[in-house]
Amino acid sequence: MKNIPILAQIEGQDSKVNTDWLAIMATLKKRGLETDELEVVYFELCAGMRVTTRGLSIAKATPESPLQGLLHEPKFSARDYAGMLNA
């Protein structure tokens, strides 16, 4: 799963927040979603759907200009990847 920009809203509130998938994924994990459920949410977001789960309404954001400092793609070297396979 790649990191994507997300527009999130707490159910019952009017304010919306720009965030990213890694932050939302961590929040949803804390709220009890399993890995397969997270994958379903991710693919629905990538398909352009709005998803409501665990008190959050989330949608893939399409910013007109890149949000500086918002997205962080983790970088792994071949050595890191080999270490992950051995763990």
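Residues numbered from 1 in each chain as written. Predicted model: local features only at pLDDT ≥ 70, side-chain atom pairs only at ≥ 80, totals over all residues. Heavy atoms only, no water.

**Points about the nonpolar core**
Nonpolar side chains tend to gather and get buried jointly when the protein is soluble and globular. We apply this condition: Take the buried Ala, Val, Leu, Ile, Met, Phe, Trp, Tyr and Cys residues and link them wherever side-chain atoms come within 4.5 Å; each set so joined is a nonpolar core. Note on exposure labels: buried denotes an accessible area under 20% of the residue type's maximum, exposed denotes more than 50%, and partly exposed covers the range between, all computed with a 1.4 Å probe on protein chains only. Strands here mean DSSP runs of E at least two residues long; helices mean DSSP runs of H or I at least four residues long; both are numbered from the N terminus. In this description, contact between two residues means that some pair of their heavy atoms is separated by no more than 4.5 Å.
The biggest cluster of nonpolar side chains holds 15 residues, and the ones touching the most others in it are I6, W21, I24, L28, V41, L45 and I58. For this core, the elements supplying multiple residues, two or more each, are β1 (5-10), α1 (21-30), α2 (35-46) and β4 (56-60). In contact with L45, other than residues within four places in its own chain, are I4, I6, W21, V51, I58, A59 and K60.

**Describing the pairing of β4**
Cut-off, in case you're wondering: Two strands make a pair as long as DSSP finds a minimum of two bridges between them.
Burial runs high along β4: four of the five residues are buried. The sheet contact formed by strand β3 (residues 51-53) and β4 spans three bridges and is antiparallel. Within β4, the residue paired with T52 across the bridge is S57. Hairpin connection from β3 to β4: two residues lie between these consecutive antiparallel strands, with R54 at a positive phi of about 50°.

**A word on the pairing of strand β2 (residues 17-20)**
Across four bridges, the pairing between β1 and β2 is antiparallel. Paired with I6 across the bridge in β2 is T19. Joining the antiparallel neighbours β1 and β2 is a turn of six residues, in which G12 adopts a positive phi near 90°.

**Things to note about α1**
So the rule is basically this: Directions pointing from the helix axis toward each C-beta atom define the arc.
When we look at burial in α1, the residues that qualify are W21, I24, M25 and L28. For α1, the arc enclosing every buried residue in end-on projection is 100°, short of the 170-degree limit, so these residues lie on one face. Within two residues after α1, G32 carries a phi angle of roughly 100°, on the positive side.

All quantities given are derived from atomic positions and should not be read as evidence of function.
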